[in-house]
2 protein chains.
Amino acid sequence: MFEASAQDSDTVTAQKLRDAALTDRFGYRFVETLTTTIGQRLAGTEALTRASLLAESTLLAAGFDNVHRESFPITAWMRGREEAEVTAPSSQRLVVATLGGSVATPPGGVETEIVVFARYSQLLAAAPGSLDGKIAVVTEAMPRVMDGSSYGAAISIRRSGPSEAAKRGAIAYLHRSLGTDDHRLAHVGATNYLEGVKRIPAAALSVPDAQQLARMAALGKVRIRLVLTPTSDEHAQSWTVSGEVRGSERPDEIVLIGAHLDSWDLGTGAIDDGAGVAIVLGAANLIAQFFGAEEMNYSGPAYAKMHADDIPHIVLAGEADFGARRVYTFLAPAGAMNTPFLQTLADTLNPLGIFLTRQPATNSGDDIAPRHDAGVPVIALRQNGIDYFDIHHTADNTFDKIDPQELAQATAAWVAAVYLAFQSELDFRKAAKDFKN
Amino acid sequence: MFEASAQDSDTVTAQKLRDAALTDRFGYRFVETLTTTIGQRLAGTEALTRASLLAESTLLAAGFDNVHRESFPITAWMRGREEAEVTAPSSQRLVVATLGGSVATPPGGVETEIVVFARYSQLLAAAPGSLDGKIAVVTEAMPRVMDGSSYGAAISIRRSGPSEAAKRGAIAYLHRSLGTDDHRLAHVGATNYLEGVKRIPAAALSVPDAQQLARMAALGKVRIRLVLTPTSDEHAQSWTVSGEVRGSERPDEIVLIGAHLDSWDLGTGAIDDGAGVAIVLGAANLIAQFFGAEEMNYSGPAYAKMHADDIPHIVLAGEADFGARRVYTFLAPAGAMNTPFLQTLADTLNPLGIFLTRQPATNSGDDIAPRHDAGVPVIALRQNGIDYFDIHHTADNTFDKIDPQELAQATAAWVAAVYLAFQSELDFRKAAKDFKN
């Protein structure tokens, strides 16, 4: 697809893999099957078990070596009913989604006055006791940005908000969804209760509902009735699935790429993170087909904990967990900046419209973080996330949102990066260590 | 805002009114209050009664003459629970909305196999008995177009589909929402049962859910459980509200502009049709403020029936019922094409980016149609509807979707058109009659 000048065979092979990925649909078909036949696959549920079986059978059928499906214990949290309405000054239905990990309201719900904070910092500035018996509502907006960095900036609103509201006397907590859309669909996600603080029920409001509450509250007192009935099962199990493409030259070196198979329950887990699974699976499959050479693990979350012995052997790790759109930049492993590996990779990705960011990768994703912390160098391929937070934890997270061409471009970037890392003589661990020192 | 050359005083006044509308926010503030303090206002409900009181008090406060709030009897239809899920081959939740006028399922719902039709014509071609005991599902898509004409082309799918499916033995009916979005929000709207055909429960699927069912059905048999519990009240009442700006020169001539105050129940009725109310109210208010001259009625639906005596006096009628975006073209009353009135109007609207369509207006909207049928000439101002059917009968029909600048442009177009029609010596009725003959 793009012209090669006089280049070494690794460069030519990387180009061939990249170009093959642009028309390959292996990953796309996998995420279609995953989302169509299984749909949502919340961690700890039977649906995720079926998804893990599908992933396992797909890896086996594609000829991967050492395919493993392993379980690990988790607490499963399950959504129940979620009803919210304004009861005064006039009756209006509200669209909410219970936060993951939230406790339930009493069965009959709670019904009380709300206190609206336009900024989360205003809630943090509120005095103890000032929210006694009230529902705290934070309506702060999350801005739309391409790299998704506004999510990290806003996440305390969801993670810490319930406990911060409870400290000040609130009996329940609502916040404007951490989302950039304007639809009547709430964005879920996990909340974390602080130790020693009363656990209060918490839910996200859709963006228009949060705006409506802000307008209503500006006119006078507003009361809300809230019924949330989530449940938990502390004895559930979840799954990780892995497969390998075995190498011969350096069989003890592992390049690890992963994505998470589980999903939130409102959509069908297409862009978060079926698309990531499709990208790494598509890339791995092309490498397996092409030459069945170096060693590669295809991994889900919890892999690091279960494979602690592998960690010293992982030379490079990467994770795809940011949707289905095209890659626009990549971040090199620390210390790799002025190496032939990186120059070849930059040249190979340039025709895809991908540029090299000048800062090294410090983290490739949540699931990779434990490995990075353990000294594993990482590479990061950043996808266009301009509309990722329109969708990612909502009911809109469905297969139709995946553009196969953009997914293919991301897969092309990954296959080239992974292949060149396999073939590279560069000691990524040593380079990263030298870089730090 | 735009320059006037040597022109008559009507032209200058029309320009002033137009330019005043561009910064006026009277209509915008009304729709904000309407949607915030009342929200949804389904016909026949107490919420619509409150909305009619708000409209009445607004017209009185703005100094309109002859303000009337009149009730008329209707059958109120109320949404109940609506639950749908795929039960086989795997459990998946579906997003549906019961069609207006639909009967309920049995209390425990129905659970049976589906038959999917990619085109509505395929359902119509199905043999009697071929759907016995099944749920018919039509997944035909409605294309996105600027003028909304695809809605009229598709509307039989919703209006007639349930009876056509019932004729062939189906026990329930689902169709892909008549919408152009890709969100997990269903589009409601009325269905019409045929006389003498069994009435079966019917609902719209969100677009992604319809696509998911099509994919699932392509893989094998699919079963759905459906619970719909709507109810009806045959003895409800609805409201129309009207006000006048009284003229002096031709007090027996009426220029009638209207919009509908009621809404579907899932959103807050902002773009359908709070925005239309805002536009005609804003235009009328500017005229009332400016000179309190000619006679004008501000009207809701059912006005024609209740004011049959007025019909011979209505010289021109128009309706705003296509959202909150800018006007891009206007259609002249029949027979008015080469008149000074039209040339002045075209010149006045041109700086707003509005062109004159060469075909005359044949209909300005559903509520105007009875008057047009009764010989009343109409004028049509067409708004950009490129995303109107993303939203119009969904939960997304909320205030945040209204751009005040675009609403102001539409109001500016209306105020100029209405003012120039008031002032015109043209006999619109005679012109229309001559045009027909």
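Details of the structure are given in the entry above.
All figures in this text were calculated on a predicted structure; none of them were measured in a lab.

*Asks:* Describe in detail the relation of the copies chain A and chain B, supporting the description with residues and values.
*Replies:* Mapping chain A onto chain B leaves a residual RMSD of 0.0 Å; the transformation is a rotation of 180° accompanied by 0.0 Å of translation along its axis. Both chain copies can therefore be described as sitting about a two-fold axis. Both copies share a contact surface, since 100% of the interface residues of chain A are interface residues in chain B too.

*Asks:* Break down the sheet that holds strand β14 (residues 327-331) of chain A for me, citing the residues and quoting the values.
*Replies:* All names here are of chain A. What the three strands build is an open sheet, ordered β15-β14-β16; its pairing is mixed. One side of each edge strand has no neighbouring strand; the edge strands of this open sheet are β15 (355-356) and β16 (380-383). Across the face of the sheet, helix α14 (residues 404-423) comes into contact with β14 and β16 while running at roughly 170° to β16.

*Asks:* Which residues make up the packing of helix α8 (residues 207-219) of chain A against helix α2 (residues 26-38) of chain B, and what values do they have?
*Replies:* Their axes nearest at 9 Å, the elements α8(A) and α2(B) cross at an angle of 95°. What the angle tells us is that α8(A) and α2(B) run roughly perpendicular. Each of Gln212(A), Arg215(A), Met216(A) and Leu219(A) in α8(A) lies in contact with α2(B), whose residues at this interface are Glu32(B), Thr35(B), Thr36(B) and Thr37(B). Split into classes, the residues belonging to the contact of α8(A) with α2(B) amount to two nonpolar, four polar and two charged.

*Asks:* Help me get a handle on the sheet that holds strand β16 (residues 380-383) of chain B, residues and values and all.
*Replies:* Residue and element names in this part refer to chain B. The strand order β15-β14-β16 describes an open sheet built from three strands, whose pairing is mixed. Of all strands in the sheet, those with a lone pairing partner are β15 (355-356) and β16, marking the two edges. With four bridges connecting them, strand β14 (residues 327-331) and β16 associate as antiparallel partners. Across the sheet, residue valine 327 finds its bridge partner in β16, namely glutamine 383. Against the sheet, helix α14 (residues 404-423) contacts β14 and β16, and its axis sits at roughly 170° relative to β16.

*Asks:* Got a sec to walk through the interface of chain A and chain B? Specific residues and values, please.
*Replies:* At the interface, 29 residues of chain A touch 29 residues of chain B. Buried surface at the junction of chain A and chain B, both sides included, amounts to about 2,200 Å², of which 48% is carbon and sulfur. Among the residues of chain A in contact with chain B, Thr36(A), Arg184(A) and Arg215(A) are the three that bury the most area, contributing 26% of the side total. At the surface where chain A touches chain B, the tally comes to zero salt bridges.

*Asks:* Describe in detail unusual backbone geometry, supporting the description with residues and values.
*Replies:* Of note, the amide linkage connecting Ala88(B) to Pro89(B) takes the cis form, showing an omega dihedral of 10°. The peptide bond linking Asp272(B) to Asp273(B) adopts the cis configuration, its omega dihedral lying at 10°. Structurally, Asp273(B) is set in helix α9 (residues 270-290). Phi is positive for Asn66(A), close to 50°, though the residue is something other than glycine. Along the chain, the position of Asn66(A) falls in strand β1 (residues 65-78).

*Asks:* So, α8(A): which residues are in play, and what are the values?
*Replies:* Residues and elements named next belong to chain A. Taking 1.5 Å per residue as the helical rise, α8 with its 13 residues ought to reach 18 Å, and the 19 Å between its terminal C-alpha atoms agrees with that figure. For α8, the full list of buried residues reads Val207, Pro208, Asp209, Ala210, Gln212, Leu213, Arg215 and Met216. Once α8 ends, the next one or two residues include glycine 220, with phi positive near 155°.

*Asks:* For the packing of aromatic side chains, give the residues involved together with the corresponding values.
*Replies:* All names here are of chain A. Evaluation of the coordinates by the stated rule reveals 16 aromatic pairs over all chains. Members of the aromatic cluster, connected to one another through ring pairs, are Tyr151, Phe322, Tyr388 and Phe389. Positioned above the aromatic ring of tryptophan 239 is the side chain of arginine 69, whose terminal nitrogen or guanidinium carbon lies 3.9 Å from the ring centre.

About the cut-offs
Residues numbered from 1 in each chain as written. Chains lettered and ligands numbered in written order. Predicted model: local features only at pLDDT ≥ 70, side-chain atom pairs only at ≥ 80, totals over all residues. Heavy atoms only, no water. Least-squares fit on C-alpha atoms with pLDDT ≥ 70 in both. Contact = heavy atoms within 4.5 Å. Pairing = 2+ DSSP bridges. Helix = DSSP H or I, 4+ residues; strand = E, 2+ residues; numbered from the N terminus. Axes fitted to C-alpha atoms, helices over the stretch in contact; angles between N-to-C directions. Parallel < 35°, antiparallel > 145°, perpendicular 65-115°, else oblique. Nonpolar A, V, L, I, M, F, W, Y, C, P; charged D, E, K, R; others polar. Buried area = accessible area lost by both parts, 1.4 Å probe. Salt bridge = Lys/Arg side-chain N within 4 Å of Asp/Glu carboxyl O. Expected span 1.5 Å × (residues − 1). Buried < 20%, exposed > 50% of the residue type's maximum accessible area, 1.4 Å probe, protein only. Phe/Tyr/Trp six-rings, centres within 6.5 Å; stacked < 30°, edge-to-face > 60°. Lys NZ or Arg CZ within 6 Å of the ring centre and 35° of its normal.

Bear in mind that shape data such as this cannot, by itself, settle questions of function.
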